[in-house]
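Spelled out from the first residue to the last, the chains are:
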Amino acid sequence: MSLSITTILLVIFGYFAILILISRITSKKADNQDFFTAKRQSPWYLVAFGMIGATLSGVTFISVPGWVGGSQFSYLQMVLGFLVGYFVIATVLMPMYYRLNLTSIYTYLDKRFGTYSYKTGAGFFLLSRTIGASFRLFLVGIVLQKFVMDAIGIPFWVTVLLTIFLIWVYTFRGGIKTIVYTDTLQTVCILASVILTIFAISKNLDLSISGMIAEVRSSEFSKAFFFEGGWSDTQNFFKQFISGAFMAIVMTGLDQDMMQKNLSCRNIKDAQKNMFWFSIVLFFAKLLFLTLGALLFIFCAKNNIAIPEKTDLLFPTIALEHLSPIVGIVFLLGLIGAAYSSADSALTSLTTSFCVDFLNFDTEAKNDRQATRRLVHIGFSFLLFLVILLFWKINDDEVIKAIFKVASYTYGPLLGLYAFGFYTKKQIKDKWTPIVCIASPILCIFINKYSKTLLFGYEFGFELLLVNGLLTFLGLWAISKHE
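Residues numbered from 1 in each chain as written. Predicted model: local features only at pLDDT ≥ 70, side-chain atom pairs only at ≥ 80, totals over all residues. Heavy atoms only, no water.

## With respect to the overall build of the protein
Within the protein, the regular secondary structure consists of 20 helices and zero strands. Rg of the C-alpha trace for the protein: 22 Å, near the compact-globule value of 23 Å for 483 residues, within the 12% margin. In terms of its C-alpha atoms, the protein occupies a principal-axis envelope of roughly 70 × 60 × 45 Å. Relative to its full complement of 483 residues, the protein shows a buried share of 58%. Taking the intrachain contacts of the protein between residues at least 6 apart in sequence as the baseline, contacts between residues at least 24 apart amount to 84%. Accessible surface for the protein amounts to roughly 19,800 Å². Of this, 66% is attributable to carbon and sulfur atoms. (Helix = DSSP H or I, 4+ residues; strand = E, 2+ residues; numbered from the N terminus. Rg over C-alpha atoms; globule rule 2.2 N^0.38 Å. Buried < 20%, exposed > 50% of the residue type's maximum accessible area, 1.4 Å probe, protein only. Contact = heavy atoms within 4.5 Å. Areas by Shrake-Rupley, 256 points an atom, 1.4 Å probe, with all protein chains shown as cover.)

See below:
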C-alpha cells in the first residue's frame, strides 16, 4: 500500500475536523428555519456546485468507473436524458414549489388530493431515501473497512457507528444551512480526486492530454450510443435516454433530499439558475468518471494488473496501491466526500420530512419543538446504522442490490401521483391511494421477473420506472370520483 494506516487516519480525521469547523461557523444561533430552509438565503451558485457531490454519491464514485469494463460509455445515454429531466424540474416543478412556499414538497399532495395521498407520498420518500442512503454508505464503508479499518482491527459496526456519529455532529444544529457549505467542499474533493487520478494514470502511461483522449477513443470501452440491439437490449439508446429523463425528474424533482437545497435559494430565479448550471457541470463530471473508468482498465492491461472480481474495488485498488501517495490521499478525500455529501443531506431531509409531514411542525417558527427535531435526527441516524448493519449481515451482493432496486421502485408511485395531480383535474377517493401506490411496485416486481416470458424476450432496464408510474396513474384514475 502506498499510504500508511497512520497517514490515512490523519487524513480522515483532518477532513472531519474541517467539516465540524464549517458546521460551527454556519450553525451559530441556528433555529428550525435554518435547519429546514436556511431561511431561504442560500447563494444559488453554492447550491448548484454542492449538488454535484450529492448527486454523484458513493455509488457513482465507486461503481461507475468499474461499469465501463462491461457497459462501456453507455451510461452517457442516460446522462443526456438527465438534462431533459432537469429542464422539466426547473420549468415545471420548481415554480410550483416556490409558488406554494413549500418546505416539504409532499405538502403539494395534501393540497391536491388529501391526507392519505400526502402521507403515502412522504412515506415512500422516507422508505426510498433510508434504503438508498444506507446502501451508498454501505458501499463506501466496505472500501474503508477493506483498506483501512481491518488493518488496525476495528470491526465494521464500529466503522459505521463512528461514520454516522460524525455526520450527526456536523448536521444536527445547522441542517440544510450547514450542508450547502459542506457539500461545496465535498464536491471539490470528489472532482479533484477524479481529475488527479486521470492525470496520474496519463503520466504513468506517458500520454499527453490529447494522447489520453485519443487512447480512450480508440479503446474498446469508448462506445457510447447503442441502437443496433433493439428494444430488447437494456443498453438501447432510447430506453436509456427516456429512463434518464424520468429518473432525474423523480430522484431529483420529486425527492425532498435534492429539492430541499433548491428551496433554500432566495427566489425562483436563483433556484432555476442553480438547476441549469448544475445540470451542465454534472454532465461533464459524469463524463470525467467514464473517462477515468476507461483509463483504469487500460492502465491495468498495460501494467499486467489483475482486475478485481468486484469491479467496485477497481478505482480504490489502483488509487491506493498502484499510484503515488498524493493520489491516494486525494482519493480518500474524494471517497469520503462522495459518501457524506449524499448521506448528510439524506439525514437532514429525512428529519425534515418526518417533522413536517408526520409531526406537523410549524416551519415558520424559529424555535418550534427543537428538542423533538433533534430526537428525530438521532432516530434516523440510528435507523441508517441498523440498515447498514443489515446489509453487512446479509453479505450477498445480489440480495443487497435487489433491495436497493426495490427502493428505486418506490419512486414510481411518486411519479404517478404528481403526474396525475399535474395533468388531470380529477379528485380521487383519497383513502384508496395507499393501496394503489403499494400495488404498483409489487406488480412491477412481477412484470420484471417474468418479462422475457410475457413480452417475447423483452428485458426491462431503468424504464421500469415508467411502467410503475403508469400503473399508479391508471390506479388513481380508477379511484377518481365521478364528476
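There's plenty left to go through after this.
## Here we look at the nonpolar core
The nonpolar side chains of soluble globular proteins are, as a tendency, buried together. Grouped together as the largest cluster of nonpolar side chains are 144 residues, with contacts concentrated most on Phe-61, Tyr-97, Met-275 and Tyr-418. Residue contributions to this core peak at 16 residues, all from helix H12 (residues 268-302). (Core = buried A, V, L, I, M, F, W, Y, C linked by side-chain atoms within 4.5 Å.)

## Some remarks on the pattern of salt bridges
This model, assessed by the stated rule, comprises six salt bridges. Measuring nitrogen to oxygen at the nearest pair gives 3.0 Å for the salt bridge that ties Glu-215 to Lys-302. Residue Glu-215 is found in helix H9 (residues 209-218), and its partner Lys-302 is found in helix H12; the two are separated by 87 residues along the sequence. A salt bridge links Lys-261 to Asp-257; the shortest N-O distance between them is 3.5 Å. Residue Lys-261 and its partner Asp-257 are located together in helix H11 (residues 256-262), separated by four residues, close to a single helical turn. Residues joined in a network through salt bridges with shared partners are Arg-129, Asp-183, Asp-255, Asp-257 and Lys-261. (Salt bridge = Lys/Arg side-chain N within 4 Å of Asp/Glu carboxyl O.)

## Thoughts on the packing of aromatic side chains
For the structure shown, the criterion picks out 34 aromatic pairs. Between the aromatic rings of Tyr-15 and Phe-16, the centroid separation amounts to 6.0 Å while the plane-to-plane angle is 85°, which identifies the pairing as edge-to-face. Of the two residues examined, Tyr-15 and Phe-16, each falls in the buried class. Centroid distance Trp-67 to Tyr-75: 6.0 Å. Interplanar angle 80°. Geometry classified as edge-to-face. (Phe/Tyr/Trp six-rings, centres within 6.5 Å; stacked < 30°, edge-to-face > 60°.)

## Looking at the layout of surface pockets
Considered as a void within the structure, the second largest pocket measures approximately 350 Å³ in volume. Breaking the lining of the second largest pocket down by element, the ones donating at least two residues are helix H4 (75-99), helix H10 (237-253), helix H17 (411-423) and helix H20 (464-478). Broken down by element, the lining of the second largest pocket gets its largest block of residues, six residues, from H17. (1 Å grid on protein atoms, 1.4 Å probe; cavity = no way out; pocket = protein on both sides within 12 Å on 5 of 7 lines; lining within 4 Å. Points joined across faces, edges and corners; volume = space filled by probe spheres on them.)

## Remarks on empty space enclosed by the protein
Where empty space is left in the structure can be found by rolling a water-sized probe over the atoms. Under the criterion given, the structure shown has three cavities of 30 Å³ or more. Roughly 100 Å³ of internal volume is contained in the largest cavity. If you trace the largest cavity, you find it lined by Leu-9, Ile-12, Phe-13, Phe-16, Leu-144, Met-149, Thr-159, Leu-162, Thr-163, Leu-166, Ile-336 and Tyr-340. Looking at the lining of the largest cavity, the elements that each hand over two or more residues are helix H1 (5-26), helix H7 (156-171) and helix H14 (325-358).

## Considerations on unusual backbone geometry
Even without being a glycine, Asn-101 presents a positive backbone phi close to 55°. Relative to the elements of secondary structure, Asn-101 occurs in the loop between H4 and helix H5 (107-112). Located in the positive-phi region is Asn-304, a residue other than glycine, with phi close to 55°.

## What about a positive patch on the surface?
On the surface, a cluster of positive charge is contributed by Arg-24, Lys-28, Arg-173 and Arg-374. Classification of Lys-28 by relative accessible area gives exposed; the value is 62%. (Patch = residues over 30% accessible without salt bridge, like charges linked within 9 Å, V, L, I, M, F, W, Y side chains within 5 Å. Lys, Arg positive; Asp, Glu negative; His and termini not counted. Charge placed at Lys NZ, Arg CZ, Asp CG, Glu CD.)

## Points about the environment of Ala-301
With respect to the helices and strands, Ala-301 occurs in helix H12. A C-alpha to C-alpha distance of 33 Å links Ala-301 and Leu-10, two positions 291 residues apart in sequence.

## Here we look at H1
Between its first and last C-alpha, H1 extends 32 Å over 22 residues, near the 32 Å set by a 1.5 Å rise per residue. All buried positions along H1 are accounted for by Ile-5, Ile-8, Val-11, Ile-12, Tyr-15, Phe-16, Leu-19, Ile-22, Ser-23 and Thr-26. Considered in projection along H1, the buried side chains sweep an arc of 135° and stay on one side of the axis. H1 presents Thr-6, Leu-10, Arg-24 and Ile-25 as exposed residues on the side facing more than 90 degrees away from its buried surface. The secondary structure elements touched by the buried residues of H1 are helix H6 (115-147), H7, helix H8 (176-204) and H14. (Expected span 1.5 Å × (residues − 1). Arc of directions from axis to C-beta.)

## Some remarks on the environment of Gln-272
Note that Gln-272 resides in helix H12. When the C-alpha atoms of Gln-272 and Trp-44 are compared, they prove to be 8.7 Å apart, with 228 residues separating the residues in sequence. The contacts of Gln-272, once residues within four sequence positions are left out, are Ala-90, Thr-91, Met-94 and Pro-95.

## A word on the side chain of Ser-193
Counting through the fold element by element, Ser-193 comes out in helix H8. A polar atom in the side chain of Ser-193 sits 3.5 Å from the backbone oxygen of Val-330. Not counting residues within four places of it along the chain, the set of residues in contact with Ser-193 comprises Phe-61, Phe-315, Val-330, Phe-331 and Gly-334. (Polar contact = N/O pair within 3.5 Å; in protein donor to acceptor, adjacent residues only side chain to side chain.)

On their own, these measurements won't tell you what the molecule is for.
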